[in-house]
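Descriptive structure summary
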Amino acid sequence: MVATGSRELNRKQRKELARRLRAQDPGLDIVHPHAAGIDVGNSSHYVAVRPDRDPDSVRRFECFTADLHRLADWLQQCGVTTVAMQSTGVYWIALYEILDARGLDVYLVNARHTKNLPGRKTDVQESQWLLKLHTYGLLRNSFHPSAAIRVVRTYWRQRGDHVQAVSTCIQRMQKVLTQMNIQLANVISDLSGWTGQRIVRAILEGERDPATLAALSHHGIHATRDTIAKSLEGTWQPDLVFVLQQEVAMYDAYQQRIAECDHELEQHLKGFADKVADPAADGEPSSTTPRTGLRSGPKRRRKAGSHAPQFDLGRELHRISGVDLTRIDGIDVGVAQTVISEVGLDMTRWKTEAHFASWLGLCPDNRITGGKVIRKGTRHVVNRAATALRLAATTLLRSQSYLGAQYRRLRARLGAPKAITAMAHKLARLVYRMLKWGHEYVDKVL
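Residues numbered from 1 in each chain as written. Predicted model: local features only at pLDDT ≥ 70, side-chain atom pairs only at ≥ 80, totals over all residues. Heavy atoms only, no water.

Section: the nonpolar core
Put simply, the test is: We define a nonpolar core as any set of buried Ala, Val, Leu, Ile, Met, Phe, Trp, Tyr and Cys residues linked to one another through side-chain atoms lying within 4.5 Å. For every residue, the accessible area obtained with a 1.4 Å probe (protein chains only) is divided by the maximum for its type, and the residue is called buried under 20%, exposed over 50%, and partly exposed between those limits. Numbering goes from the N terminus for both helices and strands, where a helix is a DSSP run of H or I of at least four residues and a strand is a run of E of at least two. Note on contacts: a residue pair is in contact if any heavy atoms of the two residues lie within 4.5 Å.
Ile 328 and Leu 389 are the most contacted members of the largest nonpolar core, which has 49 residues in total. At the level of secondary structure, the elements contributing two or more residues to this core comprise helix H5 (147-179), helix H9 (238-269), helix H10 (313-321), helix H11 (333-343), helix H12 (353-360), helix H13 (384-394), helix H14 (402-414) and helix H15 (416-437). For this core, the leading source of residues is H15, giving 11 residues. When sequence neighbours within four positions are dropped, the list of residues in contact with Leu 389 reads Ile 331, Val 335, Val 339, Leu 360, Leu 362, Ala 424, Leu 427 and Ala 428. Cys 169, Leu 213, Ala 214 and Val 248 belong to the second-largest nonpolar core, a separate cluster that totals 29 residues.

This is the structure in structure tokens:
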């Protein structure tokens, strides 16, 4: 045994000491004696308990609601207090909610962490294997936001699907116009803008005169009226006009669905408690509020881009979180809403900001064997919050701020992909600090 205390050892020596201690006592201790394992499926679930709890220790239950309640009753009869199951698709959601309502501690684990030894695999063996791993405390519970945040996430994800559908409709409109040799997309930047929609709807109303259609353009368009009129000389095929009419109808329908999602989201956010004394005074942080940064830069709030919500979402996010995430360069209202809807407001679920960045998959994951690093890079993690932070990092290229200068410096040295990941990591740490400790972000003055 090493005579010196652990405080006198460096990091490498402490890890070696811990490895030797584990090697001297390789036994496993029972951490969850009242555990159960569930193999989740599409049509049925296989549940395994310890053999001393029931002679029939593995049972099969259908996925109907009545069978799920019967499953929960059987677990309670067996004295089970904690359950482990894999997050397979969306099949686990109904079972999770029922077990959680019954007061059971449900561990939702990653399927990559529960791989069994090679050999024949059955549903019965899978449930028993989950039971063994959970009994000895070898499984980590996955993050699952609170019920209120899950509702916000549902509304926001549904809204995002509608926004993607709207973009698809715009692309199809451009394709139809190009087939008719209407080169409107070459003279205006956005067909979904004020000018594009006025001209398209006038075409559907029967207007074919190029000069009359060009007169509907906004005075801020860089192209001249004559150029716009030349771009509106086409073939006007009836079948393609019919397709254009249907795409515009679909566009309007999705816009209505987006407005409905905005209404439901606004009503739900009103139910959150206020974390600021005066939501209207969100321009100046209080003098007693800690700040993340050095010296104060110009006060600003990034606006959301196209398809922005119909209400002041930024003010609502500031009210329920107590901080204004949009003051961070690169983060607009849409990115802030995506992050909050995916991770919630309670940052105590992650011990440190390093744990938070690791959960997002934005930190290095070096694979070391034989004292050598055989693989570098980040883990493959499908996380919408991480994707939003990466997109926010790409907008820092022309930002005249400290973060923008840091991104350009990393981009010149490491290349764009690594620089984007590094800046997304930086943004994640800033978000963590602001949400956990209520810090106000203040940009460093260059």
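Quick notes on the packing of H14 against H15
Pairs of packed helices are described in terms of their axes, by the angle between the two and the distance that separates them. Put simply, the rule is: Here, axes are lines fitted to C-alpha atoms. For helices the fit covers the stretch in contact, and angles between N-to-C directions go from 0 to 180 degrees. Angular relationships are summarised with four words: roughly parallel below 35 degrees, roughly antiparallel beyond 145, roughly perpendicular across 65 to 115, and oblique for the angles in between. In this scheme, a crossing is called left-handed if the near helix is turned counterclockwise away from the far one by less than a right angle; it is called right-handed if the turn is clockwise.
Contact geometry for H14 and H15: axes closest at 7 Å, N-to-C directions at 150 degrees. By the angle class used here, H14 and H15 are roughly antiparallel. Note that H14 runs across H15; the crossing there is right-handed. Contacts between H14 and H15 pair Leu 403, Gln 406, Tyr 407, Leu 410, Arg 411 and Leu 414 from the former with Ala 416, Lys 418, Ala 419, Ile 420, Ala 422, Met 423, Lys 426, Leu 427 and Leu 430 from the latter.

Observations regarding the confidence of the model for the chain
Note: predicted coordinates in regions of low pLDDT should not be interpreted at a detailed level. Heads up, the rule is: pLDDT runs from 0 to 100 and stands for how confident the predictor is about each residue.
Chain-level pLDDT for the chain is 87 on average; 89% of the residues reach the 70-or-more range. Of the regions scoring below 50 in pLDDT, residues 1-6 engages in 6 contacts with residues more than four places distant in sequence or in other chains. With pLDDT under 50 throughout, residues 278-288 is counted as low confidence; its partners more than four residues away or in other chains account for 13 contacts.

Describing H10
The element H10 is extensively covered by neighbouring structure, given that 8 of its 9 residues are classed as buried. By the burial criterion, the buried members of H10 are Leu 313, Gly 314, Glu 316, Leu 317, His 318, Arg 319, Ile 320 and Ser 321. Where H10 ends, the next residue or the one after it, Gly 322, has phi of about 85 degrees, a positive value.

What about the environment of Ser 44?
Put simply, the test is: As used in this structure description, the phrase polar contact means that two N or O atoms lie within 3.5 Å; if the pair is within protein, one of them must be able to donate a hydrogen and the other to accept it, and residues adjacent in sequence are counted only when both atoms belong to side chains.
Along the chain, the position of Ser 44 falls in strand S2 (residues 44-49). As a C-alpha pair, Ser 44 and Glu 62 span 18 residues in sequence and 4.3 Å in three-dimensional space. Among all residues touching Ser 44, those that are not within four sequence positions of it are Asp 39, Arg 60, Phe 61, Glu 62 and Cys 63. In terms of polar contacts, Ser 44 uses its side chain to reach the side chain of Arg 60, at 3.4 Å.

Here we look at the sheet that holds strand S4 (residues 82-86)
Quick note on the threshold: Think of it this way: DSSP has to see at least two bridges between two strands before they count as a pair.
Ordered by their spatial adjacency, 5 strands build an open sheet running S3-S2-S1-S4-S5, and the pairing between neighbours is mixed. For this open sheet the edge positions go to strand S3 (58-62) and strand S5 (105-109), each flanked by a neighbour on one side alone. Averaged over all pairs of adjacent strands, the angle between strand axes in this sheet comes to 25 degrees, irrespective of strand direction. Running at roughly 145 degrees to strand S1 (residues 35-39), helix H4 (residues 123-135) makes contact with S1, S2, S3, S4 and S5 of the sheet.

Re the pairing of S2
Burial analysis of S2 places 6 of its 6 residues in the buried class, the great majority of the element. Burial of S2 is two-sided: the residues Ser 44, Tyr 46 and Ala 48 facing one way and the residues His 45, Val 47 and Val 49 facing the other way are all buried. Alignment of S1 against S2, held across 4 bridges, turns out to be antiparallel. Bridged to Ile 38 within S2 is Val 47. Where S1 folds back onto S2 in an antiparallel hairpin, the turn is made up of 4 residues. In terms of strand pairing, S2 meets S3 through 5 bridges, oriented antiparallel. From the neighbouring strand, His 45 faces S3, where its bridge partner is Phe 61.

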